[in-house]
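Residue-level structural notes
As a plain string of letters, each chain reads:
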Amino acid sequence: MQTPEPLGGTRPTSRDVARTAGVSQATVSLVLGDKWRGRVSERTAEAVRGAARELGYRPNLAARNLRLGRTRTAMLVVPALTNEFFAHVYTGAAAEAARHGFGVVLYPSPDGLGPARDPFASAQAALDGVIASSMATGALEAFRGTDLPLVMLDSDPAGPGAAAHVNLDVADGMRRVTDHLLGLGHRRFLHLASAAPSWTFDVRAAALAHALRGTEVRTVRSPLNVADAWEAAGRALDVPGPLPTAVICDDDILAVGVCKAARRLGLRVPEDLSVTGFDDMALATVVEPELTTVRLPAEDFGRRGMEALLAVLAGERPLPDTLPVALVPRGSSGPAPAA
């Protein structure tokens, strides 16, 4: 069928889309405003979308936003973009937002880690909602009590104030790491834990303690950077008496610091010391040997967070969502050395 020429000039309108799809303008508005579910059929919705693509139609978002009283903008609050994980979270959230005609404003902590300074005093009027990492919850205090919906990432599902929670199964990830190392015969462990206060790291620590009960475990904390991890691990490994045979790290960044400290002390990885990380970012395959780690689906995490926020904005109450993780065994872990 030949596509009719747009009415009223070269820029196609919703009326042109309606005429091409054989539906009313009201149906076009429902479909392109993503409010069609339960009102029109999937077949009709696809016909409208197809007609819009065929005509090159783009809704006038500015006019629609004025009518709706919405800006179609969400804020993503993360501790830092210097951590590759959060860059991927943003990528996933922004891609999902774009599919629905939304934009994402990124608000990383100016200090790199810890609570971001309050962005809300000047931004509330320009936002439809907020997605926030549990590692940046300090930025949300001024937000409490406002009408902006909040979706929390990697945070306590029982915590108050959030309209929805999306989590990674970090407890299962830690269990997979400990099972892997126990299966290799390790019984003396060092846990290099993140010094950043966050629910996600508390959950990892609790899962590790439960899985390794009955073994020797020492915990040392470090900020999330290679230099501090190197120093902390160097002190923990340069002591008299039996050394740990495996170091379990809360993050790949910490694991790289451990590998550097081990090399400085003349310890071979994994022959003398197994080292594991958590995240599976690019850093995990840059070092030699490559890191055994837990793969976290960062982009999917961001996407699901945005899906939850869009559901809240549509008047739904999304259930808590937990994404699975996976162990990725590589060269940094091996059998425990003989006593």
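Residues numbered from 1 in each chain as written. Predicted model: local features only at pLDDT ≥ 70, side-chain atom pairs only at ≥ 80, totals over all residues. Heavy atoms only, no water.

**Considering the nonpolar core**
- Core analysis: the biggest nonpolar cluster contains 70 residues, and F85, L192, V275 and M306 have the highest contact counts within it.
- When residues in this core are grouped by element, the largest group, eight residues, is from helix α11 (residues 298-313).
- Ignoring any residue separated from it by four or fewer positions in sequence, one finds F85 in contact with L168, D279, M281, L296, A298 and F301.
- If you look at the next biggest cluster of nonpolar residues, it comprises 12 residues, including V17, A18, V40 and A51. (Core = buried A, V, L, I, M, F, W, Y, C linked by side-chain atoms within 4.5 Å. Buried < 20%, exposed > 50% of the residue type's maximum accessible area, 1.4 Å probe, protein only. Helix = DSSP H or I, 4+ residues; strand = E, 2+ residues; numbered from the N terminus. Contact = heavy atoms within 4.5 Å.)

**Some words on empty space enclosed by the protein**
- Evaluated as defined, the whole model comprises one cavity of 30 Å³ or more.
- In this structure, the largest cavity is lined by 18 residues; those nearest its centre are F85, F86, M135, D154 and R204.
- Looking at the lining of the largest cavity, the elements that each hand over two or more residues are α5 (84-99) and α8 (199-211).
- Across the lining of the largest cavity, the residue classes break down as 10 nonpolar, four polar and four charged. (1 Å grid on protein atoms, 1.4 Å probe; cavity = no way out; pocket = protein on both sides within 12 Å on 5 of 7 lines; lining within 4 Å. Points joined across faces, edges and corners; volume = space filled by probe spheres on them. Nonpolar A, V, L, I, M, F, W, Y, C, P; charged D, E, K, R; others polar.)

**What to know about the packing of aromatic side chains**
- A full pass over the atoms with the stated rule returns two aromatic pairs.
- Between F85 and F86 the ring centres are 5.2 Å apart and the planes differ by 80°, which places this aromatic pair in the edge-to-face class.
- The exposure class assigned to F85 is buried, which follows from its relative accessible area of 5%.
- Each ring, one from F85 and one from F301, has its centre 6.2 Å from the other, and the planes form 45°; the classification is tilted. Of this pair, F85 sits in helix α5 while F301 sits in helix α11; the two residues are 216 residues apart in sequence, bridging distant segments of the chain.
- Looking at F301, the relative accessible area reads 2%, which means it is buried.
- Grouped by ring-pair contacts, the aromatic residues F85, F86 and F301 constitute a single cluster. (Phe/Tyr/Trp six-rings, centres within 6.5 Å; stacked < 30°, edge-to-face > 60°.)

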